[in-house]
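One-letter residues, chain by chain:
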Amino acid sequence: MSEKPATDHGRRNFLKKTSLASMLGVWGSHEVVRIQPAPAIITPQTKRRDGMNIAIIGFGPWGREIAETLGQVEDATVAAICDNYPNMLRRAQRSMPDAATFNDYREVLSDDSIDGVIVATPTHMHRQIVLDAFDAGKHVYCEAPMAHTIEDAAAIARAAQAHEEELVFQVGLLYHTDPQYRSVHQFVRSGATGNPVFARGQWNSKQSWRRVSPNREREIAQNWRLDADVSTGLMGEIGIHLLDTASWYLDELPTSITGFGSIAQWDDGRTVDDTAQVVVTFEGGSNYFLNLTLASSFEARNEVFHGTSATIMLRDSKGWMFKEVDAPMLGWEVYARKDRFYKDKGIALVANATQLDAQDMEPWEDDPNAQTPLWHALSAFVENFQFGPYPAAAGYLAGYQSNVFAIKANEAVIQDGKIDMDPAWFELT
Amino acid sequence: METVRVACRAMATRFEIILQGEDPVRLRAAGEEALAEIQHLEAQLSFYRPTSALSRLNAKAAQSPVKVDARLFRLLQRAKALHAQTSGAFDPTVAPLMRCWGFVNNTGQFPSSQAIDEALARTGMRHVRLEAKTRHVTFEQPGIALDLGGIGKGFALEEAAWVLRDLGVERALLHGGTSTICALGAPEGEEAWHVALSYPDEVDSHTPESVITVVALRDEALSVSAEHGKAFVKDGKTYGHVLDPRTGWPVDGAAMAAVVATDATATDALSTALLVEGENGQSILDASPTIRSAMILCHASDTTYDVYLRDLSVQPELVRVNQVVPI
């Protein structure tokens, strides 16, 4: 691919990323809190390539979400969709009429017009596709967890490492590229919340997790998440994102994981638990409590990091800080908007639509560039293709370590017991 | 034959799907996938979420053309066609007027003539340009905003029904907030799904006397719009939240309008338009070839209604019906 002359695009993108969070403090002191700007993800300033032609391999629900989101990413084109199930290709033709459709990923990889692939197949199928994609010279975005075994995760990570000079690799740990999560990460790492006390996370969503198809053979394949032989369970498929965030925010790896699992609602012959909990002890001695269930939807998803000076809560795209009454004043919180949660007052770290409406602003006027975590992740992938390759915010090492963490968490849940973590497991040799 | 019910909250209402078939586990799985599609569409089409594709349009389309995905573009094309079919009585750009009258989050406020004129200048589907070759959308007037709430539920149910059919479900009833209903096939042993339409002020009574008519649905959709909820009184006059997008003023069109057609997106839009037009809505029915039947309820007195019907019949001995007029 020929190199283009240097342009201003690199610096514009650099500025966009560093100024986003600092912009949050500019719009009215009673709305949002001025917090540390998110650190820049990219540093190169030379645009080497223009638009990116992308193939999505795996057109299940998440593959479809990726396809629609890519439609809003500048310079990205969904050039091809691949799925081994004809019904999915029919859906692809309906929703993405401009994209070519394939039922064999190897045909996609042999197409020179395809720059990169997004691997969104069932987890246990990632390895071969990713390795073949690297061999074909394609840039790769691989969904998280990368693999259902540590061996496969290591194989993917090592291949990414071997190709890092010429090919982009990014894993689908969305929050590493999300400006809100990155800004709060800086906030926590700056010590503003004091010493870590404990943290907790949850993901509650009442659903059976079953998939159905008129084709019985396909139906068995579609229900891989409920197949104990290949599934990493709730901890792998869902928990990985929360476990990863905890590790990232604390900047520590786990030293032990104690797991609990049960079937609370969906007693339909499945062997994969519909409710899973872990208690994780981190290197610094603090514990993280994670609850995941398919049996109750109350309070959906949230993450709470308790510190000796303040507690941070993250819900959807919003964050709040709850200060201890004896914590030192930071100054700006006097002006910040506060939301009441029962008896506690949370200092809003991000504005929301209700507040905006009270000021007669439309929802999109607060941040006309507001986007989902998935959009930010896919944008980062495309930008890395254009300006890189450079180490991704969610690269192979983060992908590998979070994968190990999630697999071990799932093992602890299955055993209903404790696993002492060997630091060597997290090393990519 | 088993019956399974699944539900979720989306678009500020409760969506429910009733499925019939042999295997309840597989029925539930199919229902969940259909509900997931509804929630996905909410994320894409929400007026209130800054991250939705619609919000991106509203933020940027007045400055430069915005490319949208194929499904959203097709929906916008349908919205434009429905706007034309209803001679503007249905208009998804009505948000500035709703805000002007205080109906977005409050119970209403009486605006000045100037405010209405300014809001009217920012209303009108004619200002939305759709470029079919590139799927670009442009707003040719600053301040234009698309709010697809008037067809969102119907469209979501249509897409959910498509998912169910694709998964092999043959008998199901889907609804969003009970005001938009989509019927797949019919229940076991019956010709159709039967839906009772009650007087708008008796929807919660569930008595036989409260039922005006029963609609039989098979592979069809039904939407009901009614004048309820937000209203305020000024100088002895009540101003409801049903606005005529063409004049910018609340109307006393109809108390309730119901439409049956093959697609739920159309029934959603058309029931809204009939609420605006009231008894003059016959032209809308004549212009819409997919409408099978309709009912328009207009106030005859404080307690009675004039009922305008097309291909529907009322229950016998209705004391609250002043007259029945075929249209």
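**Observations regarding the interface of chain A and chain B**
Every contact between the two is made by 36 residues of chain A and, on the other side, 34 residues of chain B. Here chain A and chain B share an interface that buries about 3300 Å² over both sides, 46% of which is from carbon and sulfur atoms. Arg91(A) serves as the salt-bridge partner of Glu33(B), at 3.3 Å between the closest nitrogen and oxygen. Scanning the region where chain A abuts chain B turns up 13 residue pairs in polar contact (both at pLDDT 80 or more). Broken down by secondary-structure element, the contributors of at least two residues to the side of chain A that touches chain B are helix H2 (61–70), helix H3 (86–95), helix H8 (216–222), helix H10 (353–358) and helix H11 (363–366) of chain A. The element best represented in the side of chain A that touches chain B is H3(A), accounting for 5 residues. The residue makeup of the side of chain A that touches chain B, split by class, is 11 nonpolar, 10 polar and 15 charged.

**Topic: the pairing of strand S10 (residues 221–226) of chain B**
Residues and elements named next belong to chain B. Within S10, 6 of the 6 residues are buried, which leaves it mostly tucked inside the rest of the structure. Looking at chain direction, strand S7 (residues 180–184) and S10 are connected through 3 bridges and run antiparallel. The partner of Cys182 across the bridge, within S10, is Ala221. Relative to strand S13 (residues 256–261), S10 is paired through 6 bridges, and the arrangement is antiparallel. Bridged to Leu222 within S13 is Val260.

**Some points on the sheet that holds strand S11 (residues 301–307) of chain A**
All names here are of chain A. Pairing in this open sheet of 10 strands is mixed, and the strands run S14-S15-S13-S12-S11-S7-S10-S9-S8-S16 from one edge to the other. Pairing within the sheet leaves two strands with one partner each, and these edge strands are strand S14 (338–341) and strand S16 (418–420). Going across the sheet, the axis of each strand differs from the next one's by a mean of 20 degrees, ignoring polarity. Sheet analysis places strand S9 (residues 275–282) next to strand S10 (residues 287–293), joined by 7 bridges and oriented antiparallel. Of the residues in S10, the one forming a bridge with Val278 is Leu290. Docked against the sheet, helix H9 (residues 233–250) engages strand S7 (196–204), S9, S10, S11 and strand S12 (310–315), running at close to 155 degrees with respect to S10.

**Digging into the side chain of Ser293(B)**
Positionally, Ser293(B) belongs in strand S14 (residues 291–299). The residues contacting Ser293(B), other than those within four sequence positions of it, are Ala258(B), Val259(B), Val260(B), Arg310(B), Asp311(B) and Leu312(B).

**Some words on the environment of Val325(A)**
All names here are of chain A. In this structure, Val325 sits in the loop between strand S13 (318–323) and S14. Classification of Val325 by relative accessible area gives exposed; the value is 86%. Sequence separation between Val325 and Ser309 is 16 residues, and the spatial gap between their C-alpha atoms is 8.4 Å.

**As for the sheet that holds strand S2 (residues 13–21) of chain B**
All names here are of chain B. Spatial strand order, S1-S2-S6-S7-S10-S13-S14-S15-S16: 9 strands in an open sheet with mixed pairing. Two strands bound the open sheet, and with one partner strand each, they are strand S1 (2–10) and strand S16 (321–326). If you compare each strand with its neighbour and ignore which way they point, the axes differ by 10 degrees on average. Strand direction decides the pairing type here: S13 and S14, joined by 6 bridges, are antiparallel. Directly across from Val260, in S14, lies its bridge partner Ser293. Packed on one face of the sheet, helix H6 (residues 149–166) meets S2, strand S6 (171–176) and S7 and runs near 20 degrees to S7. Where helix H7 (residues 264–277) meets the sheet, its contacts fall on S7, S10, S13 and S14, and the angle it forms with S10 comes to roughly 25 degrees.

Definitions and cut-offs
Residues numbered from 1 in each chain as written. Chains lettered and ligands numbered in written order. Predicted model: local features only at pLDDT ≥ 70, side-chain atom pairs only at ≥ 80, totals over all residues. Heavy atoms only, no water. Contact = heavy atoms within 4.5 Å. Buried area = accessible area lost by both parts, 1.4 Å probe. Salt bridge = Lys/Arg side-chain N within 4 Å of Asp/Glu carboxyl O. Polar contact = N/O pair within 3.5 Å; in protein donor to acceptor, adjacent residues only side chain to side chain. Helix = DSSP H or I, 4+ residues; strand = E, 2+ residues; numbered from the N terminus. Nonpolar A, V, L, I, M, F, W, Y, C, P; charged D, E, K, R; others polar. Buried < 20%, exposed > 50% of the residue type's maximum accessible area, 1.4 Å probe, protein only. Pairing = 2+ DSSP bridges. Axes fitted to C-alpha atoms, helices over the stretch in contact; angles between N-to-C directions.

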